[in-house]
Amino acid sequence: MALPLRKESRWVSASHTKTSSLRTWAPSLVAVCVALSLNSYMLGGITTKSNLPVPSETQERNLEASRAMIQKMDALEMEDPRWKPSARRMSDKSGDHLEYTRARHRKLGKYVHEDVSDQFTAFGKISVSIIYFAFWVFLMFPNWFLPIGRPGIALGGGMTMVVFRYILQITGHGPFFDAEKVIIMEPLMLLFGLMLTTIYLEKMERGGLFDKLRDSLDDPVNWKRSAKIMAMSTLGSAAVMNDSVVLIFSGVVVDLCVRHKVANSLPYLLSLATTANIGSALTMTGNPQNILIVSLAYDDITWFEFASNMVLPVIAATVINSAMMLVYYRNELFPGSSGMSENLGIIFMGNRTPEMLAQEHAYYARQTAMAEHLPYVSSDWSKWSIIQIIVVSLFLICFCAGFDVCVVSIVAGCILMFTASYKRQHYDPKPQMDLGIDDNGDPIPPKKLYDMDGNELVPEEEELITESETTLTEVDYGLLMLFIGQFMLIGSFDDTGVPQAFFASTMGKCASVDVMTSGGCVYWFVVIITVLSNIASNVPVCQMLAATFPYATPYQWMQVSFSATIAGNLTMLGSAANMIVAFQAAKVGDRTFTSERHAPFGIPSTLGCLFIGTWLLAKFHFAPDCSVRLETC
């Protein structure tokens, strides 16, 4: 009997051995090689202008009209060098272009990038780039050197950049660095408001709206739980915003993993983060770069026009990402399964493995035990839950109606804060002070106070516990520091003009606006956008393209939007949603969502979604590849 046991123990230990690096990174390496080979084939070895895609007559008319408008703008600036697009005075010298430019500045304010790269010396550009990439590596792998954490690294990098840019300024190697201007306040206020709202949705009432949302995602079957998370994340990100969804549900996903004693929570966190980025590509309000693109586009893009063009690429990307999730993490999501054929039977035929049946029995046994030992919680909607539903519904209505999402989120958080404070003061039972017991096991009586004459002092009304002492301390101010530091690092790096130079040099002959989204050039174009979005962030990339191609067509902006959004799944730093998931999970002790664990799945998934989605968008788009305002359609 001893020999079979030893064989079984050796088999079990072998099944839990660590996967080799080659096997972990093989799908990513294959995906990169296929992407490069496909681009080489599609480009056809473009070395001369004769091999470029031939622009259509509409594209040629749009290019000529764009050049004419740029010349008109240059003439206006030569006539009045002090003129700035944000000036308040009105003039009809430049017609529609002046009106458009000033409206864009009034609406976007700090989003409009000013090119100061010509004020840097070669030493200034190189040194700033080195500092940026050094801290980029530190942020990707925060535990390689000192256990500072991403917020400390980002803030330290931002402060380093401010000091170094001042040194460059006084030594004549660079211009003045306006750090306040590169810190975009809207995402910070939005994050603060969402964190405030999320905390009060979770803490206000046990068994309330937040717990019901968490229970709706729960399931004893692993792959179903992952599928529910992906469906909720995709639809929620399209309806609201990807940052909002991951901020609300990161803690929920971690809690579900703890509840089910999941050894590896990475598949579930990846299900949340990757589908949040993909789903946000569907609508113009799904993520910050889409909102920015709609504001930067010269031609008007309606909500329906944007969604109708994106629906096929987003559906395809969702299917590809979900299928890869079920295949790549099949051991975690299908415990006890012998292979893909059995996995398909589990999904479509409802089959179960012995391990899955054991998980279901343990789940229902745990549910029964919890119902017996925990105090009864009514499944009905209390008045506090109804208030939460009303606040959340009004939040979504105001968001869809076009109100400022920052103001709406902060107001929603404040309303919930006042409601929770009133509930705790007038309805919740008063907390009982635990005075402890003495050596004999008897309770220690409360301490009495006396004045100088020996008279007992009667305590005044009990001091109330304030929100500042309880719930407000749970706001993740470190996450706000992380984004502030990243804004300063990215803003200084963009000032050097290195990202713009990288785009122009790598695009080569495809850099012309009339062919960059045509033929084989479009696939190379989206690859360059993806790389830049992971190096310099997607919002600055959109700013750069708006300055380089101010009269890009709606279809070209659609390609930029899709590639910049899907690029968020390539690496950890590609999307703010990824950083929020990692930070929120680490806050509750789950540190599985790291850069080195994200990339082996993120790279092949992103490249697959990117190329299939780009092909679908190029073949089945409704957005015009011309400008209505320039009268080239």
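Residues numbered from 1 in each chain as written. Predicted model: local features only at pLDDT ≥ 70, side-chain atom pairs only at ≥ 80, totals over all residues. Heavy atoms only, no water.

**What to know about the overall build of the protein chain**
Then, number 1: Secondary structure assignment for the protein chain yields 26 helices and zero strands.
Then, number 2: By sequence separation, contacts in the protein chain at least 24 residues apart represent 77% of the contacts at least 6 residues apart.
Then, number 3: Of the accessible surface of the protein chain, which amounts to about 31,900 Å², a share of 63% is contributed by carbon and sulfur atoms. (Helix = DSSP H or I, 4+ residues; strand = E, 2+ residues; numbered from the N terminus. Contact = heavy atoms within 4.5 Å. Areas by Shrake-Rupley, 256 points an atom, 1.4 Å probe, with all protein chains shown as cover.)

**A few points about unusual backbone geometry**
Then, number 1: Positive phi values are uncommon outside glycine, yet K261 reaches one of about 55°.
Then, number 2: Along the chain, K261 falls in the loop between α11 (242–259) and α12 (266–280).

**A closer look at the pattern of salt bridges**
Then, number 1: Using the criterion set out here, one finds six salt bridges in the structure.
Then, number 2: A salt bridge links D219 to K228; the shortest N-O distance between them is 3.4 Å.
Then, number 3: Look at D219 and you get buried, because its relative accessible area is 12%.
Then, number 4: The exposure class assigned to K228 is partly exposed, which follows from its relative accessible area of 31%.
Then, number 5: Notably, a salt bridge pairs R259 with D255, separated by 3.6 Å at the nearest N-O pair. Of the two residues, R259 and D255 both sit in helix α11, four residues apart, roughly one turn of that helix.
Then, number 6: Its relative accessible area of 22% is what places R259 among the partly exposed residues.
Then, number 7: Look at the salt bridges and you will find they share partners, linking D215, D218, D255 and R259 into a network. (Salt bridge = Lys/Arg side-chain N within 4 Å of Asp/Glu carboxyl O. Buried < 20%, exposed > 50% of the residue type's maximum accessible area, 1.4 Å probe, protein only.)

**A closer look at α11**
Then, number 1: Over its 18 residues, α11 extends 25 Å from the first C-alpha to the last, a length consistent with the 26 Å expected when each residue adds 1.5 Å.
Then, number 2: Along α11, the sharpest change in direction is near 40° and occurs at F249.
Then, number 3: When you tally the buried positions in α11, you get 13 out of 18 residues, the bulk of the element.
Then, number 4: Downstream of α11 by one or two residues, K261 has phi in the positive range, about 55°. (Expected span 1.5 Å × (residues − 1). Bend = angle between axes of the 7 residues up to and from the residue.)

**Considering the packing of aromatic side chains**
Then, number 1: Within this structure, the stated rule accounts for 13 aromatic pairs.
Then, number 2: Here the aromatic rings of W223 and F334 are separated by 6.3 Å at their centres, their planes lie at 20°, and the arrangement is stacked. Within this pair, whereas W223 is found in helix α10 (residues 222–239), its partner F334 is found in the loop between α15 (330–333) and α16 (340–349), the two being separated by 111 residues in sequence.
Then, number 3: We classify F334 as buried; its relative accessible area is 2%.
Then, number 4: Residues Y329 and F601 carry aromatic rings whose centres are separated by 6.0 Å and whose planes lie at 50° to one another, so their mutual orientation is tilted. With Y329 in the loop between α14 (303–328) and α15 and F601 in helix α26 (residues 595–619), the pair connects residues that are 272 residues apart, well separated along the chain.
Then, number 5: An aromatic cluster of three or more residues is present, and its members are Y132, F133 and F493. (Phe/Tyr/Trp six-rings, centres within 6.5 Å; stacked < 30°, edge-to-face > 60°.)

**As for the environment of M544**
Then, number 1: Within the fold, M544 resides in helix α23 (residues 538–548).
Then, number 2: Taking the C-alpha atoms as reference points, M544 and D115, separated by 429 residues in sequence, lie 9.2 Å from one another.
Then, number 3: M544 has contacts with P499, Q500, F503 and L532, leaving out every residue within four places of it along the chain.

**As for the side chain of E305**
Then, number 1: Within the secondary structure, E305 is located in helix α14.
Then, number 2: Aside from chain neighbours lying at most four places away, what touches E305 is D300, P554, M558, A623 and P624.

**Some words on a nonpolar patch on the surface**
Then, number 1: A cluster of nonpolar residues, V311, L312, I315, V319, W615 and F620, forms a patch on the protein surface that exposes about 540 Å² of accessible area.
Then, number 2: Tallying contributions element by element places α14 first for the nonpolar patch, with four residues. (Patch = residues over 30% accessible without salt bridge, like charges linked within 9 Å, V, L, I, M, F, W, Y side chains within 5 Å.)

**Some thoughts on the nonpolar core**
Then, number 1: If you look at the biggest cluster of nonpolar residues, it comprises 96 residues, and the most contacted ones within it are W223, L272, L333 and F593.
Then, number 2: Residue contributions to this core peak at 10 residues, all from helix α20 (residues 477–495).
Then, number 3: When residues no more than four places from it in sequence are discounted, the contact partners of F593 are L266, L269, L270, A273, M572, N578, V581, A582 and H598.
Then, number 4: In this structure, V527, A546, V560 and I566 belong to the second largest nonpolar core, which totals 52 residues. (Core = buried A, V, L, I, M, F, W, Y, C linked by side-chain atoms within 4.5 Å.)

**Thoughts on helix α8 (residues 185–203)**
Then, number 1: Taking 1.5 Å per residue as the helical rise, α8 with its 19 residues ought to reach 27 Å, and the 27 Å between its terminal C-alpha atoms agrees with that figure.
Then, number 2: All of the buried residues in α8 are L188, L190, L191, G193, L194, M195, L196, T197, T198, I199, Y200 and L201.
Then, number 3: On its buried face, α8 is in contact with α9 (209–217), α11, α18 (383–400), α19 (405–426), α20 and α25 (576–587).

**What to know about the environment of V32**
Then, number 1: Note on placement: V32 falls in helix α2 (residues 21–43).
Then, number 2: Judged by relative accessible area, V32 falls into the partly exposed class, the value being 35%.
Then, number 3: In the structure, V32 is positioned 576 residues away from G608 in sequence and 10.0 Å away in space, judged by C-alpha atoms.

**A few points about the packing of α12 against α14**
Then, number 1: Closest axis-to-axis distance for the α12/α14 pair is 10 Å, and the angle between their directions is 170°. As judged from the angle between their axes, α12 and α14 are roughly antiparallel. The residues of α14 that touch α12, namely those facing P267, L270, S271, T274, T275 and I278, are V314, A317, T318, N321 and M325.
Then, number 2: Tallied by class, residues from the contact of α12 with α14 come to six nonpolar, five polar and no charged. (Axes fitted to C-alpha atoms, helices over the stretch in contact; angles between N-to-C directions. Parallel < 35°, antiparallel > 145°, perpendicular 65-115°, else oblique. Nonpolar A, V, L, I, M, F, W, Y, C, P; charged D, E, K, R; others polar.)

**Details of the side chain of D243**
Then, number 1: Tracing the backbone shows D243 in helix α11.
Then, number 2: Contacts of D243, omitting those with residues within four sequence positions, involve L194, P288, A576, A577 and I580.

**Digging into the confidence of the model for the protein chain**
Any segment with low pLDDT has predicted coordinates that should not be analysed in fine detail.
Then, number 1: Mean pLDDT over the protein chain stands at 77; residues scoring 70 or higher make up 77%.
Then, number 2: Predicted confidence for residues 1–17 stays below pLDDT 50, and this span has zero contacts to residues more than four positions away or in other chains.
Then, number 3: Confidence drops under a pLDDT of 50 for residues 83–111, and excluding neighbours within four residues, the segment shows 53 contacts in the predicted structure. (pLDDT = per-residue confidence, 0-100.)

**What to know about the packing of α10 against α11**
Then, number 1: Closest axis-to-axis distance for the α10/α11 pair is 9 Å, and the angle between their directions is 165°. As far as their axial angle goes, α11 and α10 are roughly antiparallel. Crossing hand, α10 versus α11: right-handed. Counted together, R225, I229, M232, S233, G236 and S237 of α10 and N242, V245, F249, V253 and L256 of α11 form the full contact between these two elements.
Then, number 2: Looking at the contact of α10 with α11 residue by residue, the class counts come to six nonpolar, four polar and one charged. (Left-handed = near helix turned anticlockwise from the far one by under 90°.)

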